[in-house]
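Report on the structure
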Amino acid sequence: MKKKGAFARLGTYMLRHKLIYAVLLLVTVLSIMLDLTMAWFLARITDAAVRLDVEAFKGLAWFGVLFLIVAGLNTFLNEFLKTNISAKIRNELRQDMMSHTLALPQSYFDRNHSGDLLSRFTNDNQSVGEACGRVMMDLMRNPLLAVASFAYLLYINWVLALICLSIGPLLFLTGKVFGNAMRVNSVRVQESMSRTTSFLNDILGSSMVFKAFSIERRLQKQYIDYSESIASGERKKAGIEGATGAISSLLGNLTFLLALVIAGWFVANGRLEVGAMIAFIQLMNYLVGPFSVLPGLVASMQQSLGAAERIFEVMDAPAEVEVLPEVQAVPPEFGVLQLTNLAFGYPDSEKRSLNQISLELTRGQQMAVVGPSGGGKSTLFKLLLGFYTPDAGEVSINGSPITGMRLEQLRSYFAYVPQESGLYTGSIRDNIESGKPGAADEEIMEALRQANAYEFVMELPEGIHTDIGEHGSRLSGGQRQRLSIARAMLKNAPILLLDEATAALDNESEKMVQQAIRKLMKDKTTLVIAHRLSTIQNADIILVMENGEIVERGSHEELLTARGRYSELYNTQLEQESAEEQGTSGNTESRGSGGTESVNQKASVAGAV
């Protein structure tokens, strides 16, 4: 986005508060008048002192008191309004950006790091807010102050005024030259900060991992590299600002000294009063000062516009919905889910993740999907939930293609239990209520009971109002997963999607979660991605997926009898589990016919979901 485009879009936010800006403009004009009044006051004080006019000081003293009161109130109002308008626009930008971010498709989150988004919500938002408040008003005030001061200088002595004015074009050129360099460098610094934020977001959320692997030194070295990248950009920024300030100061001081010498010569020759000279010096500061700070203000605005571009870049990303969906209060009726010749490949991948997938899932049926990692199992769920649109083929529910459904209508058919619990910072109640916004405490308690979570929740200090920490960090894995199941139970959708819901749990936690899942699956149509094959023996139909294709389908007994890929996966997994158990008990006997008998015996008693 071009700078003009970013500024124009910020203008739409500023226009919402035109009344506050109008008051700020009046306050700014008053502050300029007060500055000029200070120059006049200094001239009167000086002339009275030179004339030894003691009587004049009484009136000037009262005028000075009144001046200080008005100036103090004006300064307070100026600072308050600038901070206020900055906070309002930052707040509106945050809310608009959040609203659009929530409407973005899953593909956007797959491509972009959450830390980069976080940086745009925080650092970039802060920079834009400053631009719309303090920087914007200073950019308006300084030229107005310079013009007013120049007019007063013309009244005092037009020759001196023209000398002071000569610095203007030079300082403007300085700002133009260094402003562009400042903007380019500022964008680079923002990007470096964004990458660093992404890195911090990753490592601070995985403290147990980096401690367990003792990679603190490695992470410290990586962070030093990121930090040095930011420091390098900031050093370059300091160099640009230093050069700008040095040139501005040199030109300003040169003009000041030249005008001061000429003004002193005029006073010595009786062509200028001493009071007028003092007023002139004060006014010259008001004229030269704005030109001196102008390059810095322009640089700040350039930096803020670069930040605005990053924010609007997110807000310009295509959304999957125009209006954020609302949860449907009543679960829809469900009859049949059909997939016909479904094919899909991710945008950045040359290989298709799904190819010619066809299946039918009827009401009350339980279907399991198994296979090696990368076979397309999770991708299948993403298409069912409308996260992606298939490249070919069709998904239909009750005979209606899902492409013709609103997303909230489509997703109302599904309750999703992911492998990771997907809990948010907040209370247990907040998280469970996501399944049914506005649910009563009694409904939430019942969902917790059904999910085998009621007892441990009631043992917590604040019960359902207990804060669970970042992603539920204050709870165990099994507790988090049971809360996830409770959330799905509260939604009460007709189709249940289970994505390896027990894969990361220990045996004891898995038993508790499996019990909860059995209750959840009762009277539900279920599609489950299975990690442990022994848990899906009672499924009505099992699909074996490899390389995006269904290579086998049938019941547990049918697939074992066929002695194909499923049989191979099943027996291999049972042998691994048996070996683990033997290793735990200290049994080191080699596996022969006895080992096979043990595997077969285990297969016959394995529990099913």
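Being a predicted model, the structure only gives us computed values, none of them experimental.

Along the protein, the regular secondary structure elements total 20 helices and 10 strands. Burial statistics for the protein: of 609 residues in total, 46% are counted as buried. Of all intrachain contacts in the protein linking residues separated by at least 6 positions in sequence, the fraction that spans at least 24 positions is 78%. Roughly 31,300 Å² of accessible area belongs to the protein as shown, and the carbon and sulfur atoms make up 57% of that amount.

Glancing now at the UniProt feature "transmembrane region" (unreviewed entry) in the protein. Here the UniProt feature "transmembrane region" (unreviewed entry) sits at residues 20–41, 61–81, 144–172, 245–268 and 274–294. Along residues 20–41, the helical share is 100% and the strand share 0%, with 31 Å between the first and last C-alpha atoms. From the first C-alpha to the last, residues 61–81 spans 30 Å; its make-up is 100% helix and 0% strand.

What follows covers the environment of Ser-373. Relative to the assigned elements, Ser-373 resides in the loop between strand E3 (366–370) and helix H11 (377–384). The class of Ser-373 is exposed, set by a relative accessible area of 78%. Expressed as a C-alpha distance, the spacing of Ser-373 and Glu-546, which sit 173 residues apart in the sequence, is 8.4 Å.

The phi dihedral of Asn-341 falls on the positive side, at around 50°, and the residue is not glycine. Along the chain, Asn-341 turns up in strand E1 (residues 336–344). Residue classification places Asn-341 among the partly exposed positions, given a relative accessible area of 39%. For Arg-563, which is not glycine, the phi torsion reads 55° and is therefore positive. By the element assignment, Arg-563 lies in the loop between helix H18 (556–562) and helix H19 (565–585).

Quick look at the packing of helix H14 (residues 441–450) against helix H16 (residues 477–491) now. Following both chains from N to C, one finds H14 and H16 inclined at 125°, their axes separated by 8 Å at the closest point. If you check the angle between H14 and H16, you find them oblique. The interaxial crossing formed by H14 with H16 has right-handed handedness. Note on element contacts: H16 touches H14 through Leu-483, Ala-486, Met-489 and Leu-490, opposite Glu-443, Ile-444, Ala-447, Leu-448 and Gln-450. Here the contact of H14 with H16 is composed, by residue class, of seven nonpolar, one polar and one charged.

Overall, mixed pairing links the six strands, which are arranged E6-E7-E8-E3-E9-E10 in an open sheet. A strand with exactly one partner marks an edge of an open sheet, and here the two such strands are strand E6 (414–417) and strand E10 (549–554). Going from strand to strand, the sheet's axes swing by 20° on average, the running direction of each strand aside. Across five bridges, the pairing between strand E7 (residues 495–499) and strand E8 (residues 525–529) is parallel.

The subject of this paragraph is the nonpolar core. Counting 44 residues, the largest nonpolar core has Leu-448, Leu-483 and Tyr-566 as the members making the most contacts within it. Excluding residues within four positions of it along the chain, Leu-448 makes contact with Ile-432, Ala-453, Tyr-454, Val-457, Ile-464, Leu-483 and Ala-486. If you look at the next biggest cluster of nonpolar residues, it comprises 34 residues, including Ala-103, Phe-344, Tyr-413 and Leu-497.

What follows is about the sheet that holds strand E4 (residues 392–397). Across the sheet, four strands lie side by side as E2-E1-E4-E5; this open sheet has antiparallel pairing. Every interior strand has two partners, whereas the edge strands, strand E2 (354–362) and strand E5 (400–401), have only one. As judged from the six bridges shared by E1 and E2, these two strands associate in the antiparallel manner. By the bridge assignment for E2, Val-336 is matched with Thr-362. Against the sheet, H11 engages E1, E2 and E4, with an angle of about 115° to E1.

The subject of this paragraph is the packing of helix H3 (residues 54–102) against helix H5 (residues 114–156). With their axes 8 Å apart at the nearest point, H3 and H5 run at an angle of 150° to one another. Seen along the crossing, H3 lies across H5 with a hand that is right-handed. Class assignment of the residues belonging to the contact of H3 with H5 gives a composition of 10 nonpolar, seven polar and eight charged.

What follows covers the pattern of salt bridges. In this structure the tally under the stated criterion is 23 salt bridges. Its salt-bridge partner being Lys-82, residue Asp-138 comes within 3.6 Å of it at the nearest N-O pair. Taken as a pair, Asp-138 in helix H5 and Lys-82 in helix H3 lie far apart in primary sequence, 56 residues in all. Measuring nitrogen to oxygen at the nearest pair gives 3.9 Å for the salt bridge that ties Arg-235 to Glu-228.

Criteria and thresholds
Residues numbered from 1 in each chain as written. Predicted model: local features only at pLDDT ≥ 70, side-chain atom pairs only at ≥ 80, totals over all residues. Heavy atoms only, no water. Helix = DSSP H or I, 4+ residues; strand = E, 2+ residues; numbered from the N terminus. Buried < 20%, exposed > 50% of the residue type's maximum accessible area, 1.4 Å probe, protein only. Contact = heavy atoms within 4.5 Å. Areas by Shrake-Rupley, 256 points an atom, 1.4 Å probe, with all protein chains shown as cover. UniProt positions renumbered as here; feature names shortened; annotations may be inferred. Axes fitted to C-alpha atoms, helices over the stretch in contact; angles between N-to-C directions. Parallel < 35°, antiparallel > 145°, perpendicular 65-115°, else oblique. Left-handed = near helix turned anticlockwise from the far one by under 90°. Nonpolar A, V, L, I, M, F, W, Y, C, P; charged D, E, K, R; others polar. Pairing = 2+ DSSP bridges. Core = buried A, V, L, I, M, F, W, Y, C linked by side-chain atoms within 4.5 Å. Salt bridge = Lys/Arg side-chain N within 4 Å of Asp/Glu carboxyl O.

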